[in-house]
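Observations on chain architecture
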Amino acid sequence: MLFADLPVLLGGHLLQAAAEPAAAVRHLVLDSRRAGPPAEALFVALRGPNHDGHRYLPQAYAQGVRLFVVAENAALPGGLAAYPGAGFVAVASPLGALQALAAAHRRQFAGPVWAITGSNGKTIVKEWLAQLLGPDEVICRSPRSYNSQVGVPLSVWELSPERHTLGLFEAGISEMDEMAKLAAIIQPTEGVFTTLGTAHDAGFASEAEKLREKLRLFEGPQFRRLYYCADQGPVREAVAALALPGFGWTRHDAPGAALRFRVAPAGPGRTAVRARAGTLGPRADFVLPFADEPSVENALHGLAVLLARGVAPAEIQRRLARLQPVAMRLEMKQGRHDSYLLDDTYNNDLAGLALALAALGRQARPGRRTLILSDVLESGLTGPALYARVGALLPAHGVTRLVGIGPEISSQLSVINEQLTDANERLIVNNEPTENRPLITDNYSLLTEFYPSTEAFLAQLNPADFAHETILVKGARRFGFERIVVALQAQQHGTVLEVNLDALSHNLQHFRQQLRPGTKLMVMVKAFAYGAGSYEVASLLEFQRADYLAVAYADEGIALREAGIGLPIMVMNPSSDAFELLRRHRLEPEIYSFELLHEYLATFLATFPATDAPIPSFTNPPIHIKLDTGMRRLGFEEADVPALGALLRQHRARLPVAGIMTHLAAADDPAHDDFTRQQLAAFGRMAGALEEALGRPVLKHALNSAGIRRFPEAQLDMVRLGIGLYGVDASGLDANALRPVSTLRTTISQIKTLPAGATVGYGRRGTATAAARRIATLAIGYADGYDRRFSSGAGVVLVHGQRAPVVGSVAMDMCMVDVTDIPAARAGDVAVVFGAELPLPMLAARIGTIAYELLTNVSERVKRVFVTE
Ligand SMILES: *Cc1c(COP(=O)(O)O)cnc(C)c1O
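None of the values given here were measured: they were computed from a predicted structure.

1. Examining the UniProt feature "modified residue: N6-(pyridoxal phosphate)lysine" (unreviewed entry) in the chain
Taking the UniProt record as the reference, the feature "modified residue: N6-(pyridoxal phosphate)lysine" (unreviewed entry) is found at K526. Examined against the element boundaries, K526 turns out to sit in helix α18 (residues 526-530). A relative accessible area of 24% places K526 in the partly exposed class. Those residues in contact with K526 that lie beyond four places of it in its chain are A550, V551, A552, E556 and M572.

2. Examining the pattern of salt bridges
Taken as a whole and judged by the stated rule, the model has 37 salt bridges. For R212, the salt bridge is made with E219, and the minimal N-O distance between the two is 3.1 Å. Close ionic contact of R710 with D673 constitutes a salt bridge, the shortest N to O distance being 2.7 Å. Here R710, found in helix α25 (residues 705-710), pairs with D673, found in helix α24 (residues 673-694); they are 37 residues apart in sequence, far enough to count as distant. One exposure class covers both R710 and D673, and it is buried. Salt bridges linked by common partners bring K126, E127, R141 and E170 together as one network.

3. A closer look at the pairing of strand β34 (residues 796-799)
In β34, alternate side chains face the same way, and those of V796 and L798 on one face and V797 and V799 on the other are all buried. Strand direction decides the pairing type here: β34 and strand β35 (residues 802-807), joined by four bridges, are antiparallel. Note that in β35 the partner of L798 across the bridge is R803. Where β34 folds back onto β35 in an antiparallel hairpin, the turn is made up of two residues, including H800, whose phi is positive at roughly 50°. Of the pairings in the sheet, the one linking β34 to strand β37 (residues 830-834) comprises two bridges and is antiparallel in character. Within β37, the position partnered with L798 by the bridge is V832.

4. Some thoughts on the confidence of the model for the chain
Here the chain averages 88 in pLDDT, while 92% of its residues score no lower than 70. Counting interchain partners and residues more than four positions distant, the pLDDT-below-50 stretch residues 426-442 has 24 contacts.

5. So, the packing of aromatic side chains
The full count for this structure, using the stated rule, is 18 aromatic pairs. With 5.2 Å between their ring centres and 70° between their planes, Y451 and F457 make a pair best called edge-to-face. Classification of F457 as buried rests on a relative accessible area of 0%. Centroid distance Y530 to Y852: 6.2 Å. Interplanar angle 40°. Geometry classified as tilted. Taken together, the residues span a long stretch of sequence, with Y530 in helix α18 and Y852 in helix α27 (residues 851-857) at a distance of 322 residues.

6. A closer look at the side chain of E137
Examined against the element boundaries, E137 turns out to sit in the loop between α4 (122-133) and β9 (139-141). Ignoring anything within four residues of it in the chain, the contact list for E137 reads T165, L166, R309 and R586.

7. Structural notes on helix α10 (residues 313-321)
Buried within α10 we find I316, R319 and L320. End-on, the buried residues of α10 take up no more than an arc of 100°, which puts them together on one face. In this structure, α10 carries A314 and A321 as exposed residues pointing more than 90 degrees from its buried face. The secondary structure elements touched by the buried residues of α10 are α4, β16 (283-288) and α9 (293-308).

Quick notes on the rules
- Residues numbered from 1 in each chain as written.
- Predicted model: local features only at pLDDT ≥ 70, side-chain atom pairs only at ≥ 80, totals over all residues.
- Heavy atoms only, no water.
- UniProt positions renumbered as here; feature names shortened; annotations may be inferred.
- Helix = DSSP H or I, 4+ residues; strand = E, 2+ residues; numbered from the N terminus.
- Buried < 20%, exposed > 50% of the residue type's maximum accessible area, 1.4 Å probe, protein only.
- Contact = heavy atoms within 4.5 Å.
- Salt bridge = Lys/Arg side-chain N within 4 Å of Asp/Glu carboxyl O.
- Pairing = 2+ DSSP bridges.
- pLDDT = per-residue confidence, 0-100.
- Phe/Tyr/Trp six-rings, centres within 6.5 Å; stacked < 30°, edge-to-face > 60°.
- Arc of directions from axis to C-beta.

Here is the structure:
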C-alpha cells in the first residue's frame, strides 16, 4: 500500500507530503514504545479516554518513523516544522482510518478468512481451530484475544497473501453498531458462533438485540458458512430468521442440525463423542481429552469444522488427542508454608474456571487442593444454575477446600453443596485412579468457607491456615485477588530466571534499526531460545513480525509448531530420519552435504513420485543450502558448487530452495576481519554461481549478531540475529544500546557464622581464615546451571547490591557465598546470580567461557517468569 494513496483511501487530506514520494506502508504503529522497524512504518495517532497518540509523535519521529495519520483537529507537538521529511495525512477519525486500512489490506487476500464470535470461549475456540487446522493450512490468527475495534484491524493487517493460506480472527463487541465495523474489516468467509451469554450486557437493550448485533459479523455477500451449536434455541432461530448459511451441530436432536453428537463420559478426563451427519449419515466415534463441560463444548466446535471439511476420522482423532489447553495468564508461584499458588486473577468465567481447574488437577503435588474463587462473571448463567455447574466442577478436579469470596457466591452455598453430594455419588461409581488425579473415594469431602468481599477475607487471613497445599486463586479482575496472591506468596523463594519481554522487544527494535531497507530478519531460537524459553520468545517474535525463526533440531521446531507458531522455521541440524516430520510440520531443513541432499531427495520422491501433479506448497517446505566459507564445520565447499548447482537445477521445479547461507567464524573479532572479508567474498562467488544455476534469486544470508553491526554492507537479503536479541553485546558497539533480557535470581536458604579456622563445603575446599565469617547458603547449584567453575572465589553474586564471592565448591543444588561484609543479609533474601547489575560477559570471563554458555546452561528445572513493564 502506498502512502500517497492514503488521502483518497481514508477520506482525509495530505497535510505534508512524504520526502520519499513512493513510500510504502508495511507496518502499523500505535505505540512508539512498541514500534517495529521504522522503515515503511505508519504511525496512527489514536485517541482514547486516557490516551492521546498525538503526544508520542516526537518519539516515533525520533525512532525513524516518517509516515503519520493524525486527527484533523489535533495540535501536533512542535508543529509540522518539527517533522521534516515526514508525510502526514489528516483524517476525521484515526481509529476509522486504522480500520479502513485493515479492510483494504484484507481485500488483497483471496484465501478463506474465519471469524469467531460469541460471548464465551472465543479465544479458546480460535486457538483450538488453529491447532486443528494447523496441519493443512498456514494460519494468520489474532494474537491472544485481540478482538476489539483496535485489536481486529491490527490482527488482520498481519494477513499476508504470500505466506498465509487462511486467516482466523476473533471479534468481540460491547456496544451496538460495533460489529458492522469488525465485519467490514474481517470480511469473513466462514465463521463460528460460540455461545450466547450475558457478558458485557450493559451495552445492549436485550438479549435478542445483542445476538442480532453479533450475527451481523456473518452477513457479508462473501460469507459461506456459519458453524454454531443448534441447541441454543435463540441462536438457531436467529440464524434461520436472517437466512444465514448455518451449519448447526446438536447434542440434543435440535431440528435442522447438520451434525448430531452423542456425548458420554469415557473415564476420568475424557469424553466419548459419537458423530453422525444429519439423522442418517454414517457414524464416527471420537474421544476428547477433556471432561469439563466448557472444554467439551469448545472442542465440539472444532470437531464440527473438521468433519465438515471432510478430514478423515482417524486423522481427526489424532488431532483432537493433541489439543493443548490454552494457557490464559495462569502463573505458578511458590506460596508460604510449603504451598504452591496458581495465580489466575485476571478474569473469571465458567470456561476459564474449568481450564484453571484442569491445570490444578494436573499438579502432581500431594496435599490439599484449595480453590479461592470470586463470584463467577460473564458466563451467560446466573444464580443457582451457574453455581450448580461450579459445584459440579470441584470434585472432578480434586478440589478439597473452597474459599468463596463475593456476595453472589456466598449466597449460593447450599446450591454448591447439593451439587457436591450429587457429583460425589457419580464419582464413586466411576472411580478409577489416574496419574493426574487423586482417587476420590467415598470419604471425599470439601471444606468450605465464604466471605462477602476480598477485604473481609484479608482482614481475617492468617497465612499459616494455608499450609502444604496447592492453591488456585481464581478471581474476576474487579475483586482484586492479586492482594490475596501477595499475602500467600512466599517471599521470593528458590531460583528463578526472569525474562523481560520488553527488553527483548527493545533489542529486536535496536537491531531492526541497523538493517538496510528490505533486509529480512531471521531470529535464532535454538537451545530453548538461548535459555529464555522457546515458545514465549517465539510467540513474541511472531507478534513483532520477525520473518523467520531458526532452531537447531527438528524436535524444537515441532514443539513450536504444536504450540501454534506459524512463522517459517529453519532447522539447522536436520537428521535424515526426521525429514518426514519436517515436511509434516512445514519446517525448512538446512542442507549442508550431498549425502543429506540425496537423502532428502529420496524421501521427497517417496512422498511425491515424479509426476507433473503440482505439490501443495504447505507439504513441500523449501530448503536452505549451507556453504562452508571458512568455519570448517558444516556446509558445501567451493569445489562442490558446480555439481550442487547442477543437482538443484535438475530438481528445481519440485525442490524449492528458499535460501543460501554461510556462517562467519569470527565476525566479532577485528583481528580476523581480513578472514571475515574473505569468507564474505567466497560466499558471494559461491551463492552467485548457485543462483545462476537455479535461474532465480533466493535469500542469501551470512551475518550473526556481531556481523549485523560490524559488516552492515554484507546484510544481503536476510540476517540471523542471535545473542544480541538476548541482550549480550557481541560486537562491542552496543554496550549501552542493548538491555539485558534475563536475570537469574536465587535466595539465601541459611546464614551461618563460622569461627576462625572452619572450612566450608565438599572437599573442604573453602579454606579456613583467621577471622570469623558469615557464610550464606544459596539455593542454586550446578544442576541449575550455576557453573562449577565458579567455585572458590571465581564467582560472585549480588546481595543487597553488594558483591559476595563464592566460598568452597559449587554443589549440585546449592553453593555458599561469603556475606561477612554485608551485615544486612538475612535468610530469605534475594541473591542476583546474573542480570543488569552483574553482566554475563564479565562473569563468563572470570571462568574462561562466553556469555552464550552461561545463558544456555540455565537448566530447564529453573522456573522462567516472563515479565513486561
Ligand atoms: C547461532 C547461530 C547464529 C546466531 O549467532 P549469534 O552470535 O548468537 O548472533 C547465526 N547463524 C547460525 C548458523 C547459528 O548457528
